[in-house]
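Each chain, letter by letter, is given below.
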Amino acid sequence: MNGLRHRIRGRLASLAGVVALLTAVLAGVTAGTANAAPARAAVSAQAAAGIGWICNGAPVTPGYVLTSHTNSGCNGAGMWWQTPVRDGIWTCATSPIPAGYVLSGHNPTGCDGYDSWYMRLPVDGLWTCGTSPIPPGYVITQHAGSGMGCANIDAWFMQRARDGLWVCAGSPIPPGYVTTGHNINGCGGIGSWFEVVARPGLLVCPNVPIPPGYRLGNYSGSGCNGLGGWYLLLS
């Protein structure tokens with residue numbers, strides 16, 4: 001009888017050990033699955049935001065541009081190929097233009113017929129397309145009409161702002177600069193303005209942003225090549 005009791009107790013102990021082992025294994029599998037889920041989600045999110053095809057209408061990842069198009073895919077909606085922007089890349093006309101980049105070339109038949117644009121970083125003395133943004137610190141000083149520049153699009157000559165430049169009408173006026181002269185025939189008939197670094201005593205043109213630390217003084221009708229102007233004074 002005692003031997004039988006010992007055998008039963010031994011089997012029960014073995015069974016308890018197996019149950020404990022299975023419990024530990026299952027707990028580890030559950031924990032591993034729970035830990036793997038966020039990792040898989042992170043990988044999926046990274047893949048979705050990286051280089052590859054995106055459906056028409058989907059947001060473009062910041063810092064990326066669109067370089068190709070196909071009408072197939074996405075249940076007939078069409079797809080765009082997105083890739084990180086870089087200096088010197090042909091992009092589709094529908095592509096975002098990341099901050100600091102300009103457009104300096106145009107292909108009216110590129111990107112599956114959607115037009116394509118050559119995107120690059122700015123340099124001093126660059127012809128840019130009429131649709132291009134002008135980065136901070138740059139101005140436009142010359143103009144080429146439609147058909148003459150940028151493959152049937154107007155083109156503008158972009159330079160770094162500096163003291164004593166004639167800039168085209170519509171050009172940005174960088175902070176710290178004012179205009180003191182006007183030429184109605186300048187910039188290919190568009191008109192141009194003489195842009196200089198602000199300093200006390202200048203006779204500045206009308207509607208010029210006044211830099212911080214300055215104010216307008218007396219008016220003179222002879223200022224700005226007959227348009228009138230005000231003397232620039234320290235505040």
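Residue indices follow the written sequence of each chain, beginning from 1 at its first position. Totals for whole chains, interfaces and linings use every residue, but because this is a predicted model, local features are given only for residues with pLDDT of at least 70 and side-chain atom pairs only at 80 or more, for both listing and counting. Here the side-chain values reflect all heavy atoms present in the structure, with hydrogen atoms and water set aside.

(A) Broad picture of the sheet that holds strand β10 (residues 165-168). Here three strands make up an open sheet; going across it, the order is β10-β12-β11 and the pairing antiparallel. Bordering the open sheet on either side are β10 and β11 (177-183), each of which pairs with just one other strand. The sheet shows a mean angle of 40° between the axes of neighbouring strands, direction not considered. Between any two strands, at least two bridges found by DSSP are needed for them to pair. Put simply, DSSP H or I for four residues or longer makes a helix, DSSP E for two residues or longer makes a strand, and each gets a number counted from the N terminus. Of the pairings in the sheet, the one linking β10 to strand β12 (residues 192-197) comprises four bridges and is antiparallel in character. Each bridged residue has a counterpart across the sheet, and for W166 the counterpart in β12 is F194. In this analysis an axis means a line fitted to C-alpha atoms, helices contributing only their contacting stretch, and an angle means the value between N-to-C directions, from 0 to 180 degrees.

(B) Local environment of the state of the cysteines. Here, the term disulfide refers to a pair of cysteine sulfur atoms separated by no more than 2.5 Å. Tallying each qualifying case throughout the model produces five disulfides. In this model, C168 is linked to C187 through a disulfide, with the two sulfur atoms separated by 1.7 Å. Between C168 and C187 the disulfide shows an S-S torsion of about 65°. By sign, it is right-handed. Placement of the pair is C168 in strand β10 and C187 in helix α3 (residues 186-189), with a sequence separation of 19 residues. Taken as a pair, C168 and C187 share a single burial class, namely buried. Ordering the disulfide-forming cysteines of the protein chain by sequence position, one finds them joined as 1-2, 3-4, 5-6, 7-8, 9-10. Each residue is placed in one exposure class: buried if its accessible area under a 1.4 Å probe, protein chains only, is under 20% of its type's maximum, exposed if it is over 50%, and partly exposed if it falls in between.

(C) Region of the structure containing the pattern of salt bridges. Think of a salt bridge as a Lys or Arg side-chain nitrogen and an Asp or Glu carboxyl oxygen that are within 4 Å of each other. Applying the stated rule across the entire model yields two salt bridges. Between R199 and D163 there is a salt bridge, and its shortest N-O distance comes to 3.6 Å. Here D163 lies in the loop between β9 (155-160) and β10 and R199 lies in the loop between β12 and β13 (203-204), a separation of 36 residues in the sequence.

(D) Up close: the sheet that holds strand β7 (residues 126-129). Pairing is antiparallel in the open sheet, where three strands are placed in the order β7-β9-β8. Of all strands in the sheet, those bounded by a partner on one side alone are β7 and β8 (138-144). The mean angle between the axes of side-by-side strands here comes to 40°, regardless of whether they run parallel or antiparallel. Pairing between β8 and β9: six bridges, direction antiparallel. Bridge pairing links Q142 to F157 in β9.

(E) Here's a closer look at the environment of T180. Locating T180 in the fold gives a position in strand β11. Sequence separation of T180 and C205 is 25 residues, and the distance between their C-alpha atoms is 5.2 Å. Should any heavy atoms of two residues lie within 4.5 Å, those residues are counted as being in contact. Among all residues touching T180, those that are not within four sequence positions of it are F194, V196, L202, L203, V204, C205 and C224.

(F) Fine view of the confidence of the model for the protein chain. The predictor attaches a confidence to each residue, called pLDDT, with possible values from 0 through 100. Mean pLDDT over the protein chain stands at 83; residues scoring 70 or higher make up 78%. Confidence over residues 1-47 falls short of pLDDT 50; this stretch has zero contacts with residues more than four positions distant or in other chains.

(G) Region of interest: the side chain of S220. One can find S220 in strand β14 (residues 214-220). On the basis of relative accessible area, S220 is assigned to the buried category, the value being 14%. Of note is the side chain of S220, whose polar atom sits 3.0 Å from the side chain of S222. Sequence-distant contacts of S220, that is, excluding residues within four places in its chain, are made with L203, G228, G229 and Y231. Polar contacts, as counted here, are pairs of nitrogen or oxygen atoms within 3.5 Å of one another; within protein the pair requires one atom able to donate a hydrogen and one able to accept it, and residues that are adjacent in sequence qualify only if both atoms are side-chain atoms.

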